[in-house]
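Residues per chain are reported as follows:
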Amino acid sequence: MNEFFDREWVEEVRSRNDIVDVIGEYLKLKPSGRNFMALCPFHNEKTPSFSVSPDKQIYHCFGCGAGGNVIGFVMAMERVDFIEAVKLLAKRAGIPIPENYMRNAVADSKEAMYKLNTEAARYFHHCLRSEEGKAAREYLMHRGVEAKTIVRFGLGFAPARWDGLKQHLLSLGYDQKLMLDSGLIAASKAGDQSYDRFRNRVMFPIFDTRKRIIGFGGRVLDNSLPKYLNSPDTALFHKGQNLYALNVVAEAKNIDSIMVVEGYMDAVMLHQYGVDNAVASLGTALTAEQAKLMKRYAQKIIICYDGDTAGKKAASRGLDILLNQGLDVYVLTLPDGMDPDEFIRKYGRDAFWQIARSAKPWLDYSMDVLASKYDISATSGKTSFAKEAVKLLEGISDPMQKDLYLKGIERYSGVSLEVLYGYMNKNRTVRIAKTGQEIPHKISAVQKAERELLNIMANQPETAAIIMQRITVDDFESELHKKIFDIMSDEPRYDNINKFAAQCINTIKRNKIAMKRQFLCKRADDLASSGDQEALNILLEQINALDRELRDLKELP
């Protein structure tokens with residue numbers, strides 16, 4: 001059966017959730033006449049174009065065209081359907097859900113899984129306090145974890161028994177299929193038996209921002225591998241779409257930044273010492289979904305991975321993901337290869353906050369990492385440095401970020417912007433042969449399957465909806481395919497598709513012209529200094545022509 005609500009009841013929910021108050025919980029709003037303005041959460045921008053009208057109770061972005069009422073906003077931000085968005089707003093306003101509304105099987109299954117995860121967390125927590133959990137308690141004590149922190153984060157222990165949790169849940173009336181679907185137990189290769197997935201591990205329940213347990217992470221008590229084991233992807237849990245301890249950060253007041261660390265224990269210990277903006281990336285490289293989650297709570301992101309070589313590489317891999325969401329990214333490198341847990345236990349909170357203030361902007365960090373590899377006092381070193389630095393731009397789509405980066409490369413290497421732009425365009429991932437044809441390249445069977453799947457999704461919307469229930473962006477191998485799938489997974493946010501398409505085309509063309517104009521202006525400045533008036537006049541004519549093109553494009557719908 002389909003879910004439905006009475007139309008009058010939905011209108012009451014909408015009217016009792018002021019759109020300014022609701023959006024203000026996600027974005028930093030600033031008064032602008034009768035309305036409020038903010039940076040749009042649906043596209044990258046530096047100047048606010050996202051308007052909220054308290055009179056009309058609607059929002060509209062003049063940059064990307066997104067707009068709607070408070071229900072539509074919650075749907076887009078929380079990535080939920082209409083029913084779920086209405087229920088969230090009803091809960092926020094303290095309005096009880098009608099007793100006679102209908103539910104569907106998927107909603108019932110998810111609700112049962114939430115309850116199952118809660119019972120599992122209680123079981124793990126009880127085991128930690130029992131005689132069976134003595135070694136785990138000693139491990140946590142050795143790591144400096146206090147009793148109140150154990151309670152705050154709901155830490156637990158999975159005994160070494162093969163079916164301890166399974167038998168406990170069976171005694172409460174839960175069936176094995178739900179346990180399998182939730183990832184709490186696993187089936188044998190033969191499929192005739194099942195056993196607890198987590199055994200002899202300290203357990204970390206993973207909560208969503210609505211304080212519901214969606215999965216678990218387990219850490220061994222020694223140095224055996226794998227050190228960390230996460231729940232598999234389920235209907236509730238996707239590693240690339242969640243962050244550990246984000247639920248705690250969401251409750252904190254006056255958060256102006258988010259500190260991203262690698263491990264559960266790093267996040268737990270930072271919070272224990274009063275660093276209330278720490279989240280952990282669940283053992284995966286940062287994803288676009290995680291970046292979008294963080295953007296709801298802070299514009300400034302500080303990556304604080306372990307100070308060893310692996311940690312530095314992981315930090316560099318996450319930069320372009322965060323930058324493409326328009327976030328202000330900084331990197332904090334701790335001394336002596338220490339991780340955040342070690343540092344804060346040894347030196348304390350004040351020392352950690354002090355060193356956190358020395359976090360470098362992503363540009364400076366990236367330049368320093370590359371400069372350390374080459375002798376940039378020598379011509380050959382400068383050339384090698386510039387070539388490798390330009391390659392990093394492949395993952396950055398924002399033209400302003402690219403321009404800023406290129407100016408930084410120019411400062412470090414002495415190579416002019418004109419040459420860097422030329423090399424960047426020449427150094428595309430798919431190079432063009434002299435004949436004008438793309439150089440053929442082989443793709444793997446997996447990437448071919450990804451391409452065909454995306455083609456099906458693009459041409460058959462009904463099938464696309466089914467596909468998106470069975471696969472996530474993190475299942476893809478190709479970074480390009482991941483980005484395409486992520487875009488195709490977004491909920492449509494337009495009323496008139498032709499008008500929206502025209503606006504998109506307009507934005508793309510204006511950006512291309514603006515970049516060309518910026519480059520010509522830089523050349524014009526150089527010519528003005530050299531005194532070559534004839535060449536300067538030619539450039540100024542070209543710039544004026546581009547200005548006319550921009551004015552004409554501005555008049556498009």
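Residues numbered from 1 in each chain as written. Predicted model: local features only at pLDDT ≥ 70, side-chain atom pairs only at ≥ 80, totals over all residues. Heavy atoms only, no water.

1. Overview of the overall build of the chain
Thinking step 1. Across its full length, the chain carries 24 helices and 16 strands.
Thinking step 2. Per-residue burial over the chain gives 43% buried out of 557 residues.
Thinking step 3. If you take every contact in the chain between residues at least 6 apart in sequence, the share linking residues at least 24 apart comes to 61%.
Thinking step 4. Summed over its atoms, the accessible surface of the chain is roughly 30,200 Å², and 52% of this surface lies on carbon and sulfur atoms. (Helix = DSSP H or I, 4+ residues; strand = E, 2+ residues; numbered from the N terminus. Buried < 20%, exposed > 50% of the residue type's maximum accessible area, 1.4 Å probe, protein only. Contact = heavy atoms within 4.5 Å. Areas by Shrake-Rupley, 256 points an atom, 1.4 Å probe, with all protein chains shown as cover.)

2. Quick notes on the packing of aromatic side chains
Thinking step 1. Scanning the entire structure with this criterion turns up 18 aromatic pairs.
Thinking step 2. Pairing Phe42 with Tyr59 gives two aromatic rings, centres 6.4 Å apart and planes at 45 degrees, and the pair type is tilted. One end of the pair, Phe42, is in the loop between β2 (35-38) and β3 (50-53); the other, Tyr59, is in strand β4 (residues 58-61), and 17 residues separate them in sequence.
Thinking step 3. Here a set of aromatic residues connected by ring pairs shows up, and it is made of Tyr26, Phe42, Phe50, Tyr59 and Phe73.
Thinking step 4. In this structure, Arg199 packs its charged tip against the face of Trp162, placed 4.0 Å from the ring centre.
Thinking step 5. In this structure, Lys300 packs its charged tip against the face of Tyr330, placed 4.6 Å from the ring centre. (Phe/Tyr/Trp six-rings, centres within 6.5 Å; stacked < 30°, edge-to-face > 60°. Lys NZ or Arg CZ within 6 Å of the ring centre and 35° of its normal.)

3. Thoughts on helix α16 (residues 362-371)
Thinking step 1. Among the 10 residues of α16, seven are classified as buried, and the element is accordingly described as predominantly covered.
Thinking step 2. Every buried residue of α16 is accounted for by Trp362, Leu363, Tyr365, Ser366, Met367, Leu370 and Ala371.

4. What about the nonpolar core?
Thinking step 1. If you look at the biggest cluster of nonpolar residues, it comprises 61 residues, and the most contacted ones within it are Leu140, Phe216, Tyr244, Met259, Leu332 and Phe352.
Thinking step 2. Those residues in contact with Met259, other than ones at most four positions away along the chain, are Leu270, Asn277, Ala278, Val279, Ile302, Cys304, Leu332, Phe352 and Ala356.
Thinking step 3. One finds Leu243, Ile301, Val331 and Val390 within the second-largest nonpolar core, a separate group that totals 39 residues. (Core = buried A, V, L, I, M, F, W, Y, C linked by side-chain atoms within 4.5 Å.)

5. Quick look at the environment of Ala252
Thinking step 1. Looking at the secondary structure, you find Ala252 in the loop between α10 (246-251) and β12 (257-261).
Thinking step 2. For Ala252, a relative accessible area of 25% translates into the label partly exposed.
Thinking step 3. Taking the C-alpha atoms as reference points, Ala252 and Asp276, separated by 24 residues in sequence, lie 6.7 Å from one another.

6. Points about the sheet that holds strand β5 (residues 67-68)
Thinking step 1. What the five strands build is an open sheet, ordered β1-β2-β3-β4-β5; its pairing is antiparallel. Unpaired on one side and paired on the other, β1 (30-32) and β5 mark the two borders of the sheet.
Thinking step 2. Sheet topology places β2 next to β3; three bridges connect them, and they run antiparallel. Looking at β3, one finds that Ala38 is bridged to Phe50. (Pairing = 2+ DSSP bridges.)

7. Some points on the pattern of salt bridges
Thinking step 1. Applying the stated criterion across every chain yields a total of 18 salt bridges.
Thinking step 2. The salt bridge involving Arg92 is made with Glu25; its shortest N-O contact spans 2.8 Å. Here the residue Arg92 occupies a position in helix α4 (residues 82-93), and Glu25 occupies one in the loop between α2 (19-24) and β1, the gap between them amounting to 67 residues.
Thinking step 3. Note on Arg92: relative accessible area 35%, which makes it partly exposed.
Thinking step 4. You can call Glu25 partly exposed: its relative accessible area is 48%.
Thinking step 5. Connected via shared salt-bridge partners are Glu84, Lys87 and Arg210. (Salt bridge = Lys/Arg side-chain N within 4 Å of Asp/Glu carboxyl O.)

8. Things to note about the sheet that holds β12
Thinking step 1. Taken together, five strands build an open sheet; the order of strands is β13-β12-β14-β15-β16 and the sheet is mixed. Where the open sheet ends on each side, the last strands, each with one partner, are β13 (278-280) and β16 (360-361).
Thinking step 2. Summarising the sheet, β12 and β13 pair through three bridges and their orientation is parallel. Across the sheet, Val260 pairs through a bridge with Val279, a residue of β13.
Thinking step 3. This element, helix α11 (residues 264-272), spans β12 and β13 of the sheet and lies at about 165 degrees to β13. (Axes fitted to C-alpha atoms, helices over the stretch in contact; angles between N-to-C directions.)

9. Remarks on unusual backbone geometry
Thinking step 1. Going from Leu225 to Pro226, the amide bond is cis rather than trans, its omega being -5 degrees.
Thinking step 2. Relative to the elements of secondary structure, Pro226 occurs in the loop between β10 (213-220) and β11 (228-230).
Thinking step 3. Its identity is not glycine, yet Ala245 carries a phi of approximately 75 degrees, on the positive side.
Thinking step 4. In this structure, Ala245 sits in the loop between β11 and α10.

10. Let's talk about helix α22 (residues 479-489)
Thinking step 1. For α22, the full list of buried residues reads His481, Phe485, Asp486 and Ser489. Projected down its long axis, α22 shows its buried positions confined to an angular sector of 140 degrees, all on one face. Looking at α22, the residues exposed on the side facing more than 90 degrees away from the buried face are Leu480 and Ile487. (Arc of directions from axis to C-beta.)

11. Remarks on the side chain of Asn230
Thinking step 1. Summarising the element assignment, Asn230 is placed in strand β11.
Thinking step 2. Residue Asn230 is classed as buried on the basis of its relative accessible area, which comes to 16%.
Thinking step 3. At 2.2 Å, the side chain of Asn230 forms a polar contact with the side chain of Tyr264.
Thinking step 4. Those residues within four positions of Asn230 in sequence are excluded, and the remaining contacts are Arg197, Phe198, Phe216, Gly217, Lys239, Tyr264 and Leu282. (Polar contact = N/O pair within 3.5 Å; in protein donor to acceptor, adjacent residues only side chain to side chain.)

12. Observations concerning the confidence of the model for the chain
Thinking step 1. On average, residues of the chain score 83 in pLDDT, and 85% of them reach the 70 mark or higher.
Thinking step 2. Scored below 50 in pLDDT, residues 429-442 makes eight contacts in the model with residues more than four places away or belonging to other chains. (pLDDT = per-residue confidence, 0-100.)

13. Topic: the pairing of strand β15 (residues 328-331)
Thinking step 1. Of the two faces of β15, only the one carrying Val329 and Val331 is buried; Asp328 and Tyr330 on the other face are not.
Thinking step 2. When strand β14 (residues 300-303) meets β15, the two strands line up parallel, connected through four bridges. Across the sheet, the residue bridging to Ile303 is Val331, located in β15.
Thinking step 3. As defined by bridge partners, β15 adjoins β16 across two bridges and the pair is classed as antiparallel. Looking at the pairing, Tyr330 lines up with Pro361 of β16.

14. Overview of the pairing of β3
Thinking step 1. Of the two faces of β3, the one holding Phe50 and Val52 and the one holding Ser51 and Ser53 are both buried throughout.
Thinking step 2. Bridge count for β3 against β4 is four bridges, and the pairing is antiparallel. Its bridge partner being in β4, Phe50 is matched across the sheet by Cys61.
Thinking step 3. In this antiparallel pair of consecutive strands, β3 and β4, the connection spans four residues, and Gln57 shows a positive phi of 55 degrees.

15. Looking at the packing of helix α14 (residues 340-347) against helix α15 (residues 349-356)
Thinking step 1. The interhelical angle for the contact between α14 and α15, taken along N-to-C directions, is 125 degrees, at an axis separation of 7 Å. By the criterion of interaxial angle, the relationship of α14 to α15 is oblique. When α14 is examined against α15, the residues Pro340, Phe343, Ile344 and Tyr347 are found in contact with a partner set consisting of Arg349, Ala351, Phe352 and Ile355.
Thinking step 2. In the contact of α14 with α15, the residues fall into seven nonpolar, no polar and one charged. (Parallel < 35°, antiparallel > 145°, perpendicular 65-115°, else oblique. Nonpolar A, V, L, I, M, F, W, Y, C, P; charged D, E, K, R; others polar.)

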